[in-house]
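Structure assessment
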Amino acid sequence: MEIVGVIGSGAMGSGIAQIAATAGHDVMIYDVNEAARIKSRDKLLAILNRLAAKGRLTDSDAKAIFSRIYFVDTLEQLEACGTVIEAIIENLDIKKKVFSQLEAICGKDTLLATNTSSLSVASIAAACKNPERVIGIHFFNPAPVMKLVEIIPAIQTSQETKEKAFQLINNWGKMTALAKDTPGFIVNRVARPFYGESLRIHEEGIASPATIDWVMKEIGGFRMGPFELMDYIGHDVNYKVTETVWKAFYYDPRYKPSFAQKVLVDAGYLGRKSGKGFYEYGESSTAPEPVKDMVAGKKIFDRIIVMLINEAADALFWKIASYEDIESAMKNGVNYPKGLLEWGKELSYTHCVTLLDDLQSYYKEDRYRCSPWLRNQITQQA
């Protein structure tokens, strides 16, 4: 079984290493930061011990998995790896530098993968002399728990590399979704209105974060509300993804970032990890009460869900992914209660189009333009 290399020992890199080691691979984790390597090692050991204590692993299996994970302090030590997955900061220049160095170190048949969540895989691959062996393999956090992995071939990626990536990830017991190399791929593109439209409704003074969170959980059946989720992800991370997608789409207003979130980032109020975001997380903090008005809540829910459905429809219209992969990605990548395209059918495509047209008529913003795919469904039904 080939050796797997992981670049970056943060939460994502450590999670990927855990998956690979559990599947039986020897894994080499490289991180330039010694403190980060030590933290990753200690955290992985604690996670495996906890899984053993809960009976999800035997003690011997936990020890065997941990024994297959090695921490290294130079890229050159990844030379023998058959697959290397990069999971470092979302900075294109840094990633390109790493891939250029990596190509010179690893064998010619080594698969080089980036775990980028929104950057161009083609741009990263362009840093290599043999870009055909570069591909996007995007896990979701926490990687050992989340079922979905997006596979993103660049325009340069060979069919052999694509097939190897699918086989590897499927062998690891994950669900795969094939995505076109466009900003945000499937999930980080389609999910933007969950945050963006919720922020817009809050900024307009229509409802508080607590009320919007209550609406999306109580009426929509989501596990977490958008403001809870942004606080959990971290506003530095969530805002950066939104900004990256917005810029990559040539400043399309549909993905425009929010000042309400930017000010939190500027202030260092990053959510749970800093103790404060839209909510406060101190020992003496109390959660604000939502306004539990079902009539008003239904209007808020409709506006957010229709924007999500519209984004999923547009992803299908522009052939970002198949109908099945878009539905699977949103259910298994971010735990949505149901697929958005099927949700649109349940609500009725006519309802979705009418609400989007009403919003665009009121705001006079291209943000609310309706996807041609939704209009086509009405025409076909007629």
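Model, not experiment: these values are computed from the prediction.

The rules behind these values
Residues numbered from 1 in each chain as written. Predicted model: local features only at pLDDT ≥ 70, side-chain atom pairs only at ≥ 80, totals over all residues. Heavy atoms only, no water. Buried < 20%, exposed > 50% of the residue type's maximum accessible area, 1.4 Å probe, protein only. Helix = DSSP H or I, 4+ residues; strand = E, 2+ residues; numbered from the N terminus. Pairing = 2+ DSSP bridges. Right-handed = clockwise from strand over helix to strand, strands pointing away. 1 Å grid on protein atoms, 1.4 Å probe; cavity = no way out; pocket = protein on both sides within 12 Å on 5 of 7 lines; lining within 4 Å. Points joined across faces, edges and corners; volume = space filled by probe spheres on them. Nonpolar A, V, L, I, M, F, W, Y, C, P; charged D, E, K, R; others polar. Lys, Arg positive; Asp, Glu negative; His and termini not counted. Salt bridge = Lys/Arg side-chain N within 4 Å of Asp/Glu carboxyl O. Polar contact = N/O pair within 3.5 Å; in protein donor to acceptor, adjacent residues only side chain to side chain. Contact = heavy atoms within 4.5 Å. Phe/Tyr/Trp six-rings, centres within 6.5 Å; stacked < 30°, edge-to-face > 60°. Lys NZ or Arg CZ within 6 Å of the ring centre and 35° of its normal. Domains from an automatic or database assignment. Buried area = accessible area lost by both parts, 1.4 Å probe. Axes fitted to C-alpha atoms, helices over the stretch in contact; angles between N-to-C directions.

**Here's the deal with the pairing of strand β2 (residues 27-30)**
On β2, burial covers both faces: Val27 and Ile29 on one face and Met28 and Tyr30 on the other are all buried. Direction of pairing for strand β1 (residues 4-7) relative to β2: parallel, over a ladder of four bridges. Residue pairing for β2: isoleucine 7 is matched across the bridge by tyrosine 30. A crossover connection joins β1 to the parallel β2 through helix α1 (residues 11-22); in handedness this β-α-β unit is right-handed. One ladder, built from four bridges, connects β2 with strand β3 (residues 69-72); its direction is parallel. Bridge pairing links tyrosine 30 to valine 72 in β3.

**Some points on empty space enclosed by the protein**
Summary: where empty space remains is shown by rolling a probe the size of a single water molecule over the atoms. The tally for this structure, following the rule as stated, stands at one cavity of 30 Å³ or more. Contributing to the lining of the largest cavity are 13 residues, with Arg192, Gly196, Thr242, Tyr255 and Lys256 lying nearest its centre. When residues of the lining of the largest cavity are traced back to their parent elements, those giving at least two are α8 (192-203) and α11 (235-248). Among the elements that make up the lining of the largest cavity, the one with the highest residue count is α8 (five residues). Of the residues that constitute the lining of the largest cavity, the class distribution is five nonpolar, five polar and three charged.

**What to know about the side chain of glutamate 103**
Along the chain, the position of glutamate 103 falls in helix α4 (residues 92-105). Summary of buried charges: glutamate 103 has no salt-bridge partner, and the nearest side chain of opposite charge, arginine 133, is 4.1 Å away. Here lysine 129 takes part through its backbone nitrogen, which lies 2.6 Å from a polar atom of the side chain of glutamate 103. Ignoring sequence-local partners within four residues, the contact set of glutamate 103 consists of Leu112, Cys128, Lys129, Asn130 and Arg133.

**A closer look at the packing of aromatic side chains**
Taken as a whole, this structure holds 14 aromatic pairs when the rule is applied. Between phenylalanine 194 and phenylalanine 222 the ring centres are 5.0 Å apart and the planes differ by 35 degrees, which places this aromatic pair in the tilted class. Of this pair, phenylalanine 194 sits in helix α8 while phenylalanine 222 is found in the loop between α9 (209-218) and α10 (226-233), placing the two residues 28 residues apart along the sequence. Here a set of aromatic residues connected by ring pairs shows up, and it is made of Phe194, Tyr195, Phe222, Phe301, Tyr336 and Trp343. Lying across the ring of tyrosine 269, lysine 276 places its NZ or CZ 4.5 Å from the centre.

**Observations concerning the domain arrangement of the chain**
Entries for the chain in the domain assignment read domain 1 (4-178) and domain 2 (188-381). Interface area, domain 1 with domain 2, both sides summed: about 1000 Å², of which 55% is carbon and sulfur. By the criterion of area lost to domain 2, the three top residues of domain 1 are Ser118, Met146 and Leu148, representing 37% of everything that side buries. Applying the counting criterion to the domain 1 and domain 2 interface returns zero salt bridges. Element by element, the count of residues in the side of domain 1 that touches domain 2 is highest for strand β8 (residues 175-178), at four residues. Considered class by class, the residues forming the side of domain 1 that touches domain 2 number seven nonpolar, four polar and two charged.

**Things to note about the sheet that holds β1**
Pairing within the open sheet is mixed, and its eight strands lie in the order β3-β2-β1-β4-β5-β6-β7-β8. Two strands close off the open sheet at either side, each with one partner strand: β3 and β8. Taking the axes of each pair of neighbouring strands and ignoring which way they run, one obtains an average angle of 25 degrees across the sheet. Where β1 and strand β4 (residues 83-86) come together, four bridges link them in parallel fashion. Bridge pairing in β4 links glycine 5 to valine 84.

**Here we look at the pattern of salt bridges**
Where charged atoms from two side chains of opposite charge approach closely, those side chains can pair. For the structure shown, the criterion picks out 23 salt bridges. Two residues, lysine 164 and glutamate 2, come together in a salt bridge whose shortest N-O distance is 3.4 Å. On the criterion of sequence distance, the pair formed by lysine 164 in helix α6 (residues 159-171) and glutamate 2 in the segment before β1 is long-range, its members being 162 residues apart. With relative accessibility at 25%, the residue lysine 164 sits in the partly exposed group. Residue glutamate 2 is classed as partly exposed on the basis of its relative accessible area, which comes to 26%. Aspartate 42 is the partner of arginine 41 in a salt bridge, and the nearest nitrogen-oxygen pair spans 3.2 Å. We classify arginine 41 as partly exposed; its relative accessible area is 37%. Through salt bridges with shared partners, one network takes in Glu197, Arg200, Glu204, Arg303, Glu365 and Arg367.

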